[in-house]
Protein chains: 2
Amino acid sequence: MGKFYSKDFDEMEKFYRAKFINSLSGIKSANLVGTVDENGQENLSIVSSVVHIGANPALMAIIFRPATVPRHTFENIRDTKVFTINHVKSDFFKKAHQTSARYEKSMSEFEAVGLNTDYVEGVEAPFVKESLLKIGLKLREIIHLDINKTELVIGEVMFVDVADNYIEEDGYIDIEALGSVGVTGLDSYHELKEATRLSYAKPGQEVKEL
Amino acid sequence: MGKFYSKDFDEMEKFYRAKFINSLSGIKSANLVGTVDENGQENLSIVSSVVHIGANPALMAIIFRPATVPRHTFENIRDTKVFTINHVKSDFFKKAHQTSARYEKSMSEFEAVGLNTDYVEGVEAPFVKESLLKIGLKLREIIHLDINKTELVIGEVMFVDVADNYIEEDGYIDIEALGSVGVTGLDSYHELKEATRLSYAKPGQEVKEL
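Since we're looking at a predicted model, the values are computed, not measured.

(A) Structural detail: the overall build of chain A. Helices and strands together make up the secondary structure of chain A, namely six helices and 14 strands. What you see for chain A is a C-alpha radius of gyration of 18 Å, in line with the 17 Å of a compact globule of 210 residues. Principal-axis analysis of the C-alpha atoms places the extent of chain A at approximately 60 × 50 × 30 Å. With 210 residues in all, chain A has 61% of them scored as buried. The long-range fraction of contacts in chain A, counting pairs at least 24 apart against all pairs at least 6 apart in sequence, stands at 59%. Per element, the accessible surface of chain A, about 8,900 Å² overall, is 46% carbon and sulfur.

Here you go:
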């Protein structure tokens, strides 16, 4: 059996360790983050660290890596205070992955990988036209995590574009029907099987499939 | 087409809004968090807000809701400084969901839902025996997010239990083979389809399936 302790992590080769530890958090959402710099230069970057913070106000956050790597997306959000989150659909996940290559800052990843921009009034950052769930956010707060020099970037949702027919009666958006993919580790993409919705859980009462 | 702005969110009924906004972050990992209070009373709680913070040191975080709801798990981690994260497997996801019912603090959710505890030397919190990927963490930091009164709880991984045959040559853990499920919104559980692993992306070079 594989039982690993801290000292075992320390003995792992650097990239092995990164892949092993990155796997632990399980399935994550694959999203493309669209930004511009102060000169309007567009940038697009795949991230797997989007997290729901709260529904009212509507807040989402992204974890960004330390400044030891280029962080155009982080810098653009910090400078322009606006960004978009676009679900990656199964028919363009390879293009989405390609945005993780280290392009020069002067190169738009939209062009480089062959995805189209889409702009909406009131949101000064580019959306991915091909995405079926597009979210526009304004920066609310950047929290520097001193523990490992990463940044927690919190945005407030100011705009959502999703076709009505994917929204169920109670407000739930059918992520699987949208074709949104998940990612595990650093590079493994998954389509989603059909969901099983469960009833609100109460003590002493069996949960039911809805 | 469904274009929604901030004012539209404000007009949504409270639970509709919660389900809609919760859907935006896409697929998330379903995990059970095991804790004890200072008297050894066991607690088990399903969470969908686990996020990878970094590989070295090995850090993971969980977002907890504001104190307006009972937060036994959060209080236990704060008080005892230790917790476990256990992947939810497809054959017990209903039991996992049932832990979200509001049990009294004196009731162990392990017993209430019919899952078994497992203890490992050096980790003073219970694991879920049925889980195929078990992670033991020590509390490193609690960051109060004043913006909406949630808490970001950062733990350092000190122990991992996963069968060797799920670990690939390069350190990646095959989450789909483990049967780990994802969750969208508040209550929709998904099994994962087989992964497509993609090569490391470089400018001007097409990504390949591994």
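That covers the picture; the talk isn't over yet.
(B) Inspection of the sheet that holds strand β2 (residues 28–29) of chain B at higher detail. Within the open sheet, the four strands sit side by side as β14(A)-β13(B)-β12(B)-β2(B). Their pairing is antiparallel. If you trace the sheet from one side to the other, it starts and ends with β14 (196–197) of chain A together with β2 of chain B, each paired once. Where β2 of chain B meets strand β12 (residues 182–184) of chain B, two bridges bridge the pair, whose relative direction is antiparallel. Opposite Ser-29 of chain B, over in β12 of chain B, you have Gly-182 of chain B as the bridge partner.

(C) Structural context of the pairing of strand β6 (residues 58–64) of chain A. Residue and element names in this part refer to chain A. In terms of residue burial, β6 counts as a mostly covered element, since seven of its seven residues are buried. Burial along β6 is two-sided: the residues Ala-58, Met-60, Ile-62 and Phe-64 and Leu-59, Ala-61 and Ile-63 are all buried. In this structure, strand β5 (residues 50–55) lies alongside β6, joined through five bridges in antiparallel fashion. Bridge pairing in β6 links Val-50 to Ile-62. Here β5 folds back onto β6 in antiparallel fashion, the turn holding two residues. Bridge count between β6 and strand β11 (residues 150–162): six bridges; the pairing is antiparallel. Counterpart to Met-60 in the pairing with β11 is Gly-155.

(D) Main features of the interface of chain A and chain B. Opposite the 101 residues of chain A that make contact, chain B presents 101 residues. Both faces considered, chain A and chain B share a buried interface measuring about 8,400 Å² in area, 61% of it formed by carbon and sulfur atoms. Three residues stand out in chain A for area buried against chain B, namely Leu-24, Ile-147 and Lys-193 of chain A, and they jointly supply 8% of the buried area on that side. Our count for the contact surface shared by chain A and chain B stands at eight salt bridges. Measuring nitrogen to oxygen at the nearest pair gives 3.4 Å for the salt bridge that ties Lys-19 of chain A to Asp-170 of chain B. For the pair chain A and chain B, the number of links is 52 residue pairs in polar contact (both at pLDDT 80 or more). Its residues assigned to classes, the side of chain A that touches chain B shows 50 nonpolar, 28 polar and 23 charged. In terms of strand pairing, β14 of chain A meets strand β13 (residues 188–190) of chain B through two bridges, oriented antiparallel. Bridging from a neighbouring strand, Thr-196 of chain A pairs with Tyr-189 of chain B of β13 of chain B.

(E) Examining the pattern of salt bridges more closely. Residues and elements named next belong to chain A. Inspection of the entire model under this criterion finds 28 salt bridges over all chains. Linking Arg-71 and Glu-151 is a salt bridge whose minimum nitrogen-to-oxygen distance equals 3.6 Å. Placement of the pair is Arg-71 in the loop between β6 and α3 (72–80) and Glu-151 in strand β11, with a sequence separation of 80 residues. Arg-71 gets classed as buried once you look at its relative accessible area, which sits at 12%. We note a salt bridge from Arg-197 to Glu-168, for which the minimum N-O separation is 3.1 Å.

Rules behind the numbers
- Residue positions are counted from 1 within each chain, in the order its sequence is given.
- Chain A is the first chain written and ligand 1 is the first ligand written, with later ones labelled in order.
- Residues qualify for local features only when their pLDDT is at least 70, as the model is predicted, and side-chain atom pairs are given and counted only at 80 or more; totals for whole chains, interfaces and linings, by contrast, use all residues.
- Side-chain measures were taken over the full set of non-hydrogen atoms in the model, leaving aside hydrogen atoms and water.
- Here a helix means four or more residues in a row that DSSP labels H or I, a strand means two or more in a row labelled E, and each is numbered from the N terminus.
- What the globule rule says is 2.2 Å times the number of residues to the power 0.38, and the radius of gyration is computed from C-alpha atoms.
- Whether a residue is buried, partly exposed or exposed follows from its accessible area with a 1.4 Å probe, protein chains only, as a fraction of its type maximum: under 20%, in between, or over 50%, in that order.
- Contact definition: two residues touch when any of their heavy atoms are within 4.5 Å.
- To be clear on the numbers: accessible area is Shrake-Rupley with a 1.4 Å probe, and residue cover counts the displayed protein chains and nothing else.
- Here, strands pair whenever DSSP counts at least two bridges between them.
- By buried area we mean how much accessible surface two parts lose on assembly, using a 1.4 Å probe and totalling the loss over both.
- Between Lys or Arg on one side and Asp or Glu on the other, a salt bridge is scored when a side-chain nitrogen of the former is within 4 Å of a carboxyl oxygen of the latter.
- Pairing of N or O atoms within 3.5 Å defines a polar contact, subject to two protein rules: one partner must be a possible hydrogen donor and the other a possible acceptor, and residues neighboring in sequence count only if both atoms are side-chain atoms.
- Each residue receives one of three labels: charged for Asp, Glu, Lys and Arg, nonpolar for Ala, Val, Leu, Ile, Met, Phe, Trp, Tyr, Cys and Pro, and polar for the others, Gly being one of them.

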